[in-house]
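Spelled out from the first residue to the last, the chains are:
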There are 2 protein chains.
Amino acid sequence: MLPRMRERPVTCGLLGCGTVGGGVVRLLTRDPAKVTRRVGVPIEIRRVLVRDLGKARVPELDGRLLTTDASEVLDDPDIEMVIEVMGGAEPTLDHLMRAIDAKKGVVTANKLLLATAGKQLLERAQAAGVDLAFEGAVGGGVPIVRTLREALASDRVESITGIVNGTSNYVLTRMLDAGLSLDDAVAEAQARGYAEADPTMDVGGGDAAQKLSILAMLGFGAAADYADLHVEGIQAIAPIDHRFAERFAYRIKHLAIGRDHGDEVELRVHPCLLPQRSVLANVDGVLNAVTLTGEALGPCLVSGQGAGDLPTAVSVVSDALDVARSLVAGVAGLQTRAIAYEARPLRAMAAIETRYYIRFTVLDEPGVIAAIAGRLGDAGVSIEQLVQDGPRPEPGEPATVVMLTHRAREGAVQAALGALREATFMVEPARLLRIEEP
Amino acid sequence: MLPRMRERPVTCGLLGCGTVGGGVVRLLTRDPAKVTRRVGVPIEIRRVLVRDLGKARVPELDGRLLTTDASEVLDDPDIEMVIEVMGGAEPTLDHLMRAIDAKKGVVTANKLLLATAGKQLLERAQAAGVDLAFEGAVGGGVPIVRTLREALASDRVESITGIVNGTSNYVLTRMLDAGLSLDDAVAEAQARGYAEADPTMDVGGGDAAQKLSILAMLGFGAAADYADLHVEGIQAIAPIDHRFAERFAYRIKHLAIGRDHGDEVELRVHPCLLPQRSVLANVDGVLNAVTLTGEALGPCLVSGQGAGDLPTAVSVVSDALDVARSLVAGVAGLQTRAIAYEARPLRAMAAIETRYYIRFTVLDEPGVIAAIAGRLGDAGVSIEQLVQDGPRPEPGEPATVVMLTHRAREGAVQAALGALREATFMVEPARLLRIEEP
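Here the residue index of a chain counts from 1 through its sequence in written order. Ligands are numbered from 1 and chains lettered from A, in the order in which they are written. Thresholds applied to this predicted model are a pLDDT of at least 70 for local features of residues and 80 or more for the giving and counting of side-chain atom pairs; totals over whole chains, interfaces and linings are not thresholded and use all residues. Note that the side-chain values use all heavy atoms of the structure and ignore hydrogens as well as water.

1. Points about the overall build of chain A
Worth spelling out the cut-off: In DSSP terms, a helix is any run of H or I states spanning at least four residues, a strand is any run of E spanning at least two, and both are numbered starting from the N terminus. Only the C-alpha atoms count toward the radius of gyration. The rule for a globule is 2.2 Å times the residue count to the power 0.38. Residue contacts follow a heavy-atom distance rule, with two residues in contact if any of their heavy atoms lie within 4.5 Å. Computed by Shrake-Rupley with a 1.4 Å probe, the accessible areas treat only the displayed protein chains as cover when residues are assessed. The charged-residue count follows a simple rule in which Lys and Arg add positive charge and Asp and Glu add negative charge, with His and chain termini not counted at all. Taken as the charge location is NZ of Lys, CZ of Arg, CG of Asp or CD of Glu.
Helix and strand content of chain A: 16 helices and 19 strands. In summary, chain A has a C-alpha radius of gyration of 25 Å against a globular reference of 22 Å for 438 residues, a match within 12%. Projected onto the principal axes, the alpha-carbon positions of chain A cover approximately 85 × 45 × 35 Å. A separation of at least 24 residues holds for 74% of the contacts in chain A among residues at least 6 apart in sequence. Approximately 16,600 Å² of chain A is accessible, and the part contributed by carbon and sulfur atoms is 50%. Averaging the positions of the 46 positive and the 58 negative side-chain charges in chain A gives two centres separated by 5 Å.

Written out as C-alpha cells, the structure is:
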C-alpha cells in the first residue's frame, strides 16, 4: 500500500518581483482551487525578495511578505521552492546555488545564467537531488523545453531549428513588410519596447546563441559553450537582400540551427533564406518558433511569444506547478536527474553543407560573371540560378549579381570567395546567406 | 521525512499490437535505461492482447507475452497500467472500463472512444482515482493535450483554432499546388495511404469534429457532443475557389474553431479562407497544427504529424511514462482529477460573426449585381470587395461573381442568401466560405 499524500501546502519564496514576478504572483493566487487541483495541495508564497520595499506591487501581493534580505528566503528551512525572476548574473547565481544546497527546488527564467552556468547549476541540482526548471528561460511563452523533454522521453532528437530572437525577427519582418532600413527597423523596435537601448545581444545573434546552447544541451545532450558557436547577426542584411529573396520565393529569417550527427554536433546561428511557403518563413514580428525533428516523431513545431512578461510568467508558473507536484509526490529531482549531457565535438563551419545565396557587387565589365563562376566551379561549387539586378548600370558603375548555388561545402564556398576578394572587379566583399530547406 | 521511492518496475499490459502498438513496444524497450531515468524505475510489459497469435510482430516483443484472452491483461492484479492501441469502439470501451474499475492507469490513442465516451471514461477514472491519458488520441504526434494542460495550469484558454485532419489538409494542398480536382486529390490521398477507402469521416469533417469536442473539453471545460457541432467538410470546394482565394491573398484550409465566450462556447468545423502570410495557411500536406490563445500566454501554436504510427507511438509512450511516474510517486489519478468540465451552451451558428467569401453563379444580366448587393445590404451585410471572373460570358452563359464581406452576423448572411435563392438569375446556389483572420 502506498503512503497517503501530504496535505500541507508547498511553500515558496520569490527572488524578484518586477513585471514577470508580478505576473507569477497573480497567476499563482487568482485561482487557488485550480492550483490545488493540479498539485494536490495549495502553493503558498512565504517571502518575496525585492530591492525596494516602497515600490508599488501587484495588489495580489501581501506587502508583509516583502524583504530586502536574501537570506530570509534562502535560509528559511520552511521554504521548499525558490522562484527566481530577478534576472542578472550576480548575485543571482550565488542565490540559486545556495537554494540548491539548501535542498530547495528551483524555478528560473534566467537565460543568461542558464547559458553561462547551466551545466554548473544542473550538476549541483542533480547532486542535491532537487529540481531545476527553466522553461521561461528559453523561449518566454513557447513551451519548447517541455516539448523537447517529452519528445526525448522515448525518441531521439535529430535536429532543432528555430527563430528564437523576437527582436531580430521583428526587425526583419518590418524591413520586408514596410521597406524599412535595418537602422529604422531597430529604432522602431526600440520605440515599441521590443529592443533594448543597446540591441547588440539581440541583433548580433548572441541571445540566439545562448538559447541554442541550452536547447542543444536538452535535445542532444551536448554541453556547448555558446561562445564556441558560429554566430552571425542580421546587421549586414540590406533591403536589396529582401528583394532578391522574394524574387526567388524565399524569405530571410534569423535562425538558430542544431543537428546531431552522432559523432559531431552542428550548431550555428545566422540569417537564412527559407522558402516562402514554409511555416517558419511565416512566423512574423516578435513571435518565436522552434521545429524539432524526432527520429520517430518526425517534425514538430512550437510557436508563441518568445518574450513578454505574462507569457514568461505562464511558463514560470507551469514549472512551479511541476516542481511542486514532485515535492508533494516525494520524487523531487527526478525530472532534473533525467537530463544527461556531455561535452561533444562541434562540427566545423567549413564542414557543413547547404545551399547558398551570394550577392556580388562588381564592376560591369565583360568576363566578370565568367570569372566568378569559374572560381566557384574550381572549388566544386555549382551555380543553380543567377540574376542581375535592375537596368544595365552606367559604364563604370557597379552591378549587382546574385547567385544561388546547389548544395556545397561551406569550406569550398569560402575558399572561392576568398580567392575572389582580391579581384579588381570586386567593388565590395560578396554577401553570403545560407539557404535552409526544412 | 518523505518515504523512499519504490524500486520494483511499473508493470503494464498492451491491448493491441498493430503498427502503433509495435512502435510503442519498440520505443519502450530500445533504451530501458532512459525509461528508468525518467520514471525512476523500469517499465515492464507483462502481457499483450492480440487477435492472431501467429502474426509476425516487432522483433523486440517476446512472443510468450502474447495472449488472445483480454482477461489475462484486465484481470491480472499485477498489471498496473493498460496501454490501449487496438482501436475500435467495442469491445474496447468495455476493456477500458474494466481496467479502470480494477484501478489500473489507462493510456489510449482511441479518438473515437474519447469523442463518444470521453466523459464517461473520465468520470469513471476520476471516481476510481486512476489516470486516463490520451495525447495520442487527439493529434498523433502533435503535443496539443500536453500544451493545453500546461497553459491551463494557470491561464485561461480563450480560443483554439486548428487544422486537425491530415487527409483534408492533404487534399486541399494538392488541389492548390497541383491543380487537382477534389476527387483526384482524394484518390491520390488514398493511393498514398493518407485516406481510408471510405474517406467520409475525414473529408466530411466528422473526424475534425470529434477532435474539437475533445479539445473543447480540455481547453474550455465544455462537455460537448461532437454530433451537436456545426460541421462542414471540404466536399463542395471547387478549384475555382482556390483560384479566387489566391487572388485575394488567402488560402483555403479546413479548420476546427473553438472560442470560449464565457456564457456560451462557439464550436464549428468548416473550410475557411486564411491570409496567405499566416502560419496556419502554410501548414501543408498531412501536417496538423493547433493554435491556442491564452489570456496571459497569448497565441501558442503546436504543429506536427497528425497521424502515422510512429508519431502516435511517441505520444502514447509519453503518456505511459507520465502515468508510470504518477504510479511510482503514489499520486495516481492526480492529473486526471484536475480535468474539470461541465455541459455548456453552444453558440448558435446564426449568432457567430466573421467575414465571408461568397461565390455566385448567375446569369449575366443587367442589374444582377445590384440585386445581390441590395439583398445583402438590406440584411446589414456590407461588401468589401467584388470580383467577376474571366472574360465577359457569352449571352445566356452564367457568370461567376465573388464578394468578400465586412464582418457580419452569420444569420444575416444566411437570410440574404435564402432570399436570393429564388431569384431567376441564380444559376446555382451561392457558395459561402468564412474568412478567419488569426
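Back to the text.
2. Describing the nonpolar core
Definition in use: Throughout this description, the term nonpolar core refers to a set of buried Ala, Val, Leu, Ile, Met, Phe, Trp, Tyr and Cys residues connected via side-chain atoms within 4.5 Å. Exposure is judged per residue with a 1.4 Å probe applied to protein chains only, and the accessible area is read against the type maximum: over 50% gives exposed, under 20% gives buried, and values in between give partly exposed.
If you look at the biggest cluster of nonpolar residues, it comprises 190 residues, and the most contacted ones within it are Ile43(A), Met81(A), Ile83(A), Phe134(A), Ile43(B), Met81(B) and Ile83(B). The contacts of Ile83(A), once residues within four sequence positions are left out, are Cys12(A), Gly13(A), Leu14(A), Leu15(A), Val24(A), Leu28(A), Val107(A), Val316(A) and Ala320(A).

3. Observations regarding the environment of Val142(B)
All names here are of chain B. Relative to the assigned elements, valine 142 resides in the loop between α6 (135-139) and α7 (144-154). A relative accessible area of 2% places valine 142 in the buried class. Residues valine 142 and leucine 420, 278 residues apart in the sequence, show an inter-C-alpha distance of 43 Å. With residues near it in sequence (within four places) discarded, valine 142 still touches Glu135, Asn288, Val302, Ser303, Gly304, Gln305 and Gly306.

4. A closer look at the packing of aromatic side chains
Residue and element names in this part refer to chain A. Our working definition: Between rings of Phe, Tyr and Trp, where Trp is taken as its six-membered ring, a pair exists when centres lie within 6.5 Å; planes separated by under 30 degrees are stacked, by over 60 edge-to-face, and by other angles tilted.
Inspection of every chain in the model, using the stated rule, returns two aromatic pairs over all chains. Taking 4.9 Å as the distance between ring centres and 70° as the angle between the ring planes, the aromatic pair formed by tyrosine 170 and tyrosine 194 counts as edge-to-face. On the criterion of sequence distance, the pair formed by tyrosine 170 in helix α8 (residues 166-178) and tyrosine 194 in the loop between α9 (182-191) and α10 (200-203) is long-range, its members being 24 residues apart. Tyrosine 170 sits in the buried class, given a relative accessible area of 6%.

5. Observations concerning the interface of chain B and chain A
Applicable threshold: Defined here as a combined quantity, buried area equals the accessible surface (1.4 Å probe) lost by two parts on assembly, summed across both. Salt bridges are identified by distance alone: a Lys or Arg side-chain nitrogen within 4 Å of an Asp or Glu carboxyl oxygen. Residues adjacent in sequence count toward polar contacts only when both atoms are side-chain atoms; beyond that, a polar contact is any pair of N or O atoms within 3.5 Å, and within protein one must be able to donate a hydrogen and the other to accept it. The pairing criterion is simple: DSSP has to find at least two bridges between the two strands.
Taken together, the contact between chain B and chain A spans 61 residues of the former and 61 residues of the latter. Roughly 5,100 Å² is buried in total at the junction of chain B and chain A, and carbon and sulfur atoms are behind 55% of that figure. Summed over the three residues of chain B that lose the most area to chain A, namely Arg38(B), Ser154(B) and Arg277(B), the buried surface amounts to 14% of that side. Linking chain B with chain A are eight salt bridges, by the criterion used here. Note that Arg277(B) and Asp177(A) form a salt bridge whose closest N and O atoms lie 3.3 Å from each other. Taken together, chain B and chain A are joined by 12 residue pairs in polar contact (both at pLDDT 80 or more). Listing elements by their share of the side of chain B that touches chain A, those giving two or more residues are α2 (32-39), α7, α8 (166-178), β13 (298-305), α13 (309-329) and α14 (334-337) of chain B. Relative to β13(B), strand β13 (residues 298-305) of chain A is paired through five bridges, and the arrangement is antiparallel.

6. A closer look at the relation of the copies chain B and chain A
To keep things clear, this is the line we draw: Only residues with pLDDT of at least 70 in both copies count here: their C-alpha atoms drive the least-squares fit that superposes the copies.
The two copies are related by a screw motion: chain B maps onto chain A through a turn of 180° and a shift of 0.0 Å along the axis, at an RMSD of 0.0 Å. Both copies are brought into coincidence by an operation consistent with a two-fold rotation axis. Taken together, the interface assignments show that 100% of the residues at the interface of chain B recur at the interface of chain A, consistent with an identical surface on both copies.

7. A word on helix α2 (residues 32-39) of chain A
Residue and element names in this part refer to chain A. Let me state the cut-off plainly: The arc in question is formed by the directions pointing from the helix axis toward the C-beta atoms.
Listed in full, the buried residues belonging to α2 are Lys34, Val35, Arg38 and Val39. With its buried residues spanning 120° around the axis, α2 presents them on a single face. Downstream of α2 by a residue or two, glycine 40 has a phi angle that is positive, lying close to 105°.

8. Observations regarding the pattern of salt bridges
Opposite charge on two side chains permits them to pair, given that their charged atoms come into close proximity. Evaluated as defined, the whole model comprises 70 salt bridges over all chains. Put simply, Arg149(A) and Asp322(A) hold a salt bridge, and the shortest N to O gap is 3.3 Å. Here the residue Arg149(A) occupies a position in helix α7 (residues 144-154), and Asp322(A) occupies one in helix α13 (residues 309-329), the gap between them amounting to 173 residues. Exposure class is identical for Arg149(A) and Asp322(A). Each is buried. Residues Glu410(B) and Arg434(B) are paired through a salt bridge, measuring 2.7 Å at the closest nitrogen-oxygen approach. Of this pair, Glu410(B) sits in helix α16 (residues 410-420) while Arg434(B) is found in strand β19 (residues 426-435), placing the two residues 24 residues apart along the sequence. Considered together, Glu410(B) and Arg434(B) belong to a single accessibility category, that of buried residues. One connected set of salt bridges, linked through shared partners, spans Glu135(A), Arg146(A), Arg149(A), Asp319(A), Asp322(A) and Arg325(A).

9. Some remarks on the pairing of strand β17 (residues 398-405) of chain A
Residue and element names in this part refer to chain A. Where burial is concerned, most of β17 is hidden: seven out of the eight residues are buried. Alignment of strand β16 (residues 383-388) against β17, held across five bridges, turns out to be antiparallel. In the sheet register, glutamine 388 faces β17, and the bridge partner there is valine 401.

10. Remarks on the packing of α13(A) against α7(B)
As a reminder, the rule being used: Between N-to-C directions, angles span 0 to 180 degrees; the directions come from axes that are lines fitted to C-alpha atoms, helices contributing only their stretch in contact. The labels follow the angle: roughly parallel below 35 degrees, roughly antiparallel above 145, roughly perpendicular from 65 to 115, and oblique for the rest. Under the scheme applied, nonpolar residues are Ala, Val, Leu, Ile, Met, Phe, Trp, Tyr, Cys and Pro; charged residues are Asp, Glu, Lys and Arg; polar residues are all the others, including Gly.
Where α13(A) meets α7(B), the closest approach of the two axes is 8 Å, and the angle between their N-to-C directions is 95°. As summarised for this structure, α13(A) and α7(B) are arranged roughly perpendicular, according to the angle between their axes. The residues of α7(B) that touch α13(A), namely those facing Val314(A), Val317(A), Ser318(A), Leu321(A), Asp322(A) and Arg325(A), are Glu150(B), Ala151(B), Ala153(B) and Ser154(B). Its residues assigned to classes, the contact of α13(A) with α7(B) shows five nonpolar, two polar and three charged.

So far we have only geometry, and geometry alone does not tell us how the molecule works.
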